[in-house]
Amino acid sequence: MAAAASMMPIFGHQISSKNDLVPDWNREEVSTGTTIMAVEYDGGVVIGADSRTTTGAYIANRVTDKLTRIHDRIYCCRSGSAADTQAIAEVVSYQLGFHSVELDEPPLVETAANLFRASCYRYREELMAGILVAGWDRRKGGQVYCVPIGGMLVRQPVAVGGSGSTYVYGFMDSNYKPGLNKDQCLELTASALSLAMERDGSSGGVIRLASISEDGVERRVILGDQLPRFSTH
Amino acid sequence: MALSTVLETPGAGFNFENATRNAALEGLFGGGQTPKPLKTGTTIAGVVFKDGVVLGADTRATSSEVVADKMCAKIHYISPNIYCCGAGTAADTEKTTDLLSSNLSIFSLNSGRNPRVVMAVNILQDMLYRYHGQIGANLILGGVDCTGNHLYTVGPYGDINKVPYLAMGSGDLAALGILEDGFKHNLELEEAKELVRASIHAGIMSDLGSGNNTDICVITKQGVDYIRPYQESEYKDKRNIKYRYRPGTTPVLTEKVVTLKLEVVQEAVQKMDTA
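Residues numbered from 1 in each chain as written. Chains lettered and ligands numbered in written order. Predicted model: local features only at pLDDT ≥ 70, side-chain atom pairs only at ≥ 80, totals over all residues. Heavy atoms only, no water.

As annotated in an unreviewed UniProt entry, chain B carries the name Proteasome subunit beta and comes from Poecilia reticulata. In UniProt, chain B has this text filed under Catalytic activity (unreviewed entry): "Cleavage of peptide bonds with very broad specificity." (UniProt positions renumbered as here; feature names shortened; annotations may be inferred.)

As recorded in an unreviewed UniProt entry, chain A goes by Proteasome subunit beta and comes from Poecilia reticulata. Under the heading Catalytic activity (unreviewed entry), UniProt records this for chain A: "Cleavage of peptide bonds with very broad specificity."

Draft legend 1. Structural detail: the overall build of chain B. Helices and strands together make up the secondary structure of chain B, namely 5 helices and 12 strands. When each of the 275 residues of chain B is scored for burial, the buried share is 45%. A fraction of 63% describes how many contacts in chain B between residues 6 or more apart in sequence connect residues 24 or more apart. In the structure as shown, chain B presents an accessible area of about 16,000 Å², 53% of it carried by carbon and sulfur atoms. (Helix = DSSP H or I, 4+ residues; strand = E, 2+ residues; numbered from the N terminus. Buried < 20%, exposed > 50% of the residue type's maximum accessible area, 1.4 Å probe, protein only. Contact = heavy atoms within 4.5 Å. Areas by Shrake-Rupley, 256 points an atom, 1.4 Å probe, with all protein chains shown as cover.)

Draft legend 2. Focus on helix H2 (residues 90–111) of chain B. Residue and element names in this part refer to chain B. Taking 1.5 Å per residue as the helical rise, H2 with its 22 residues ought to reach 32 Å, and the 32 Å between its terminal C-alpha atoms agrees with that figure. Within the sequence span of H2, burial applies to Ala90, Asp92, Thr93, Thr96, Thr97, Leu100, Ser101, Asn103, Leu104 and Phe107. Among the structural elements, strand E5 (75–79), strand E6 (82–88), helix H3 (117–130) and strand E7 (137–145) are those in contact with the buried residues of H2. One or two residues past the end of H2 sits Gly112, with phi positive at roughly 75 degrees. (Expected span 1.5 Å × (residues − 1).)

Draft legend 3. A look at the packing of helix H4 (residues 172–182) of chain B against helix H5 (residues 189–206) of chain B. Residue and element names in this part refer to chain B. Between H4 and H5, the shortest axis-to-axis distance is 7 Å and the interhelical angle comes to 150 degrees. Classed by the angle they form, the pair H4 and H5 counts as roughly antiparallel. The hand of the H4/H5 crossing is right-handed. Along the contact surface, H4 presents Ala174, Ala175, Ile178, Leu179 and Gly182, while H5 presents Leu195, Ala198, Ser199, Ala202, Gly203 and Ser206. (Axes fitted to C-alpha atoms, helices over the stretch in contact; angles between N-to-C directions. Parallel < 35°, antiparallel > 145°, perpendicular 65-115°, else oblique. Left-handed = near helix turned anticlockwise from the far one by under 90°.)

Draft legend 4. Layout of unusual backbone geometry. Between Arg228 of chain B and Pro229 of chain B the backbone carries a cis peptide bond, its omega angle lying at -5 degrees. Its location among the elements puts Pro229 of chain B in strand E12 (residues 223–231). Although it is not a glycine, Asp104 of chain A adopts a positive phi angle of roughly 60 degrees. With respect to the helices, strands and loops of the structure, Asp104 of chain A is situated in the loop between helix H3 (82–103) and helix H4 (109–122). Asp104 of chain A gets classed as exposed once you look at its relative accessible area, which sits at 69%. Backbone geometry places Asn186 of chain B, a non-glycine residue, at a positive phi of 55 degrees. Looking at the element boundaries, Asn186 of chain B is found in the loop between H4 and H5.

Draft legend 5. Representation of the UniProt feature "active site" (unreviewed entry) in chain B within the structure. Residues and elements named next belong to chain B. According to UniProt, the positions carrying the feature "active site" (unreviewed entry) are Thr42. Positionally, Thr42 belongs in the loop between helix H1 (19–29) and strand E1 (44–49). Polar contacts involving the side chain of Thr42 include one to the side chain of Lys74, which spans 2.9 Å. (Polar contact = N/O pair within 3.5 Å; in protein donor to acceptor, adjacent residues only side chain to side chain.)

Draft legend 6. Up close: the nonpolar core. Residues and elements named next belong to chain A. Core analysis: the largest hydrophobic core is formed by 23 residues, its most contacted members being Met37 and Ile207. When residues of this core are traced back to their parent elements, those giving at least two are strand E2 (36–41), strand E11 (158–161), helix H5 (169–175), helix H6 (182–199) and strand E12 (207–213). Of the residues forming this core, the biggest block, 8 residues, is contributed by H6. (Core = buried A, V, L, I, M, F, W, Y, C linked by side-chain atoms within 4.5 Å.)

Draft legend 7. Region of the structure containing the pattern of salt bridges. Residue and element names in this part refer to chain B. As enumerated under the stated definition, the model contains 13 salt bridges over all chains in all. Glu188 serves as the salt-bridge partner of Lys50, at 3.1 Å between the closest nitrogen and oxygen. You can see Lys50 sitting in the loop between E1 and strand E2 (52–58) and its partner Glu188 sitting in the loop between H4 and H5, a full 138 residues away along the chain. Between Glu190 and Lys193 there is a salt bridge whose closest N-O contact spans 3.7 Å. Note that Glu190 and Lys193 are positioned in helix H5 at a spacing of 3 residues, about one turn of the helix. (Salt bridge = Lys/Arg side-chain N within 4 Å of Asp/Glu carboxyl O.)

Draft legend 8. Structural detail: the sheet that holds strand E9 (residues 141–147) of chain A. Residues and elements named next belong to chain A. The 5 strands are arranged E6-E7-E8-E9-E10 in an open sheet whose pairing can be described as antiparallel. Only two strands of the sheet have a single neighbouring strand rather than two, namely strand E6 (67–71) and strand E10 (154–155). The strands that H3 touches are E6, strand E7 (74–80) and strand E8 (129–137); relative to E6, the one it contacts most, it runs at about 20 degrees. Sheet strands touched by H4: E6, E7, E8 and E9. Its angle to E8, the strand with the most contacts, is close to 165 degrees. (Pairing = 2+ DSSP bridges.)

Draft legend 9. Seen up close, the UniProt feature "active site" (unreviewed entry) in chain A. Residue and element names in this part refer to chain A. Per the UniProt record, "active site" (unreviewed entry) is found at Thr34. Along the chain, Thr34 turns up in the loop between strand E1 (30–31) and E2. Engagement of the side chain of Thr34 in a polar contact is seen with the side chain of Lys66, the distance being 2.9 Å.

Draft legend 10. Seen up close, the packing of H3 of chain A against H3 of chain B. At a minimum axis separation of 11 Å, H3 of chain A and H3 of chain B run at an interaxial angle of 115 degrees. Note that H3 of chain A runs across H3 of chain B; the crossing there is left-handed. Every residue of H3 of chain B that contacts H3 of chain A at Ala83, Asp84, Gln86, Ala87 and Glu90 of chain A is listed here: Asn122, Gln125 and Tyr129 of chain B. Considered class by class, the residues forming the contact of H3 of chain A with H3 of chain B number 3 nonpolar, 3 polar and 2 charged. (Nonpolar A, V, L, I, M, F, W, Y, C, P; charged D, E, K, R; others polar.)

Draft legend 11. Local environment of the UniProt feature "domain: Proteasome beta subunit C-terminal" (unreviewed entry) in chain B. As recorded in UniProt, the feature "domain: Proteasome beta subunit C-terminal" (unreviewed entry) lies at residues 238–269 of chain B. As annotated, residues 238–269 of chain B has a helix share of 0% and a strand share of 0%, and its two end C-alpha atoms lie 59 Å apart.

Draft legend 12. Seen up close, H6 of chain A. Residues and elements named next belong to chain A. Here H6 spans 26 Å end to end across 18 residues, near enough to the 26 Å set by a 1.5 Å rise per residue. Within H6, burial applies to Cys185, Leu186, Leu188, Thr189, Ala190, Ser191, Ala192, Leu193, Ser194, Ala196 and Met197. Of the residues flanking the start of H6, the one acting as N-cap is Asn181, its side-chain oxygen 3.1 Å from the backbone nitrogen of Asp183.

Structural data, given as structure tokens:
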């Protein structure tokens, strides 16, 4: 079996036969080809994502919710393979929930981020998942942790991810300043996501935003016709 | 392991030891030598309406270019309140839904409740993710439970989407066109049935892999109405020739009788203990 082992197919490509009746989009893996963003402010975090899930060139879901609840005050933004990120988020949700019950207190955002990192790093060859973990806890307040593909873990005051993020690094670098308040963060996130969705084919739909603080989680949706508009051409 | 949870899938279930070998072989021979699995090349759709969920499917099963089954049942029973439409490889959807149905029956018997749709979805997601897309099942699950009316789709890699209306299979684009145009929240029963029928019909007309009749399954709190077929194909063939032959149609030319020589070697009488 040595010959077969060296020709190991990569998971996520080509389910089986090349039947003409089954079009391309049925054979590709579902990806969240995305733009996600998370910003810290004093007292909490603001997270945002677009809502497009693609299978090749077909939009499988145009109203996806990529902001997934991990715990009461901890959310994650998912990008990469839809199946992989959903599975990891469920596993981490369970682990964190159990940990929280053992401790008998709300878990730390850093703990959640480390749980993500543990799974993403250990199974880095099999998984395709880029995740932003963001939330609020009593010890350090609002925090954003970035766990990109490969399983690195780094804390950043502002982070973007997904295929559309490349188009907004410049915008983010020039417009983010430390000391913004919640509304400014929401505006910044909505603008950045809108710009990315404008340019990236794999991002689009509506903007889903959430702000997490000690008081709880506030979710909102910005519909397609209400997106911030920038271009004049 | 708690009693009310579902039985673990036995390790001896699907065996994909040959998947890597087959992939390597396909590359070596470079051109369709491996036998093609029976695909349902399908149109399936689902819509959530005011009082429940309507599921619809076509009835054609194809094996490459040949229609293998003209009256294939693609809406599978999962539990009294949950039904599932399957697209993809026919064997995979059939077996996966059977497995799910059995597991949920055990749960029902243990707990005395009807399973929730989200439970069925989670079990499917777990299983399909574990097999990394090797099980080619694209499923639409619809059902009514104590928390409301739900419609989910589960992909072969184990990703789920929860939406008010859906279409899957090779005819999904055509069906989705009709659904996008006609869907509204809180449709009435007849409107919902007509919308699903029209969407499946569009799939049948525009996609070669879908065809023949349309099945509809209406699930409400009161019960299930599985209408099979809901709409028959306009192109049904009317066979003029009878294929039943009278005994004696084939003439007997010669007859040869050979008696088998059997002798009694041993006779043993065992009395049954009926006390």
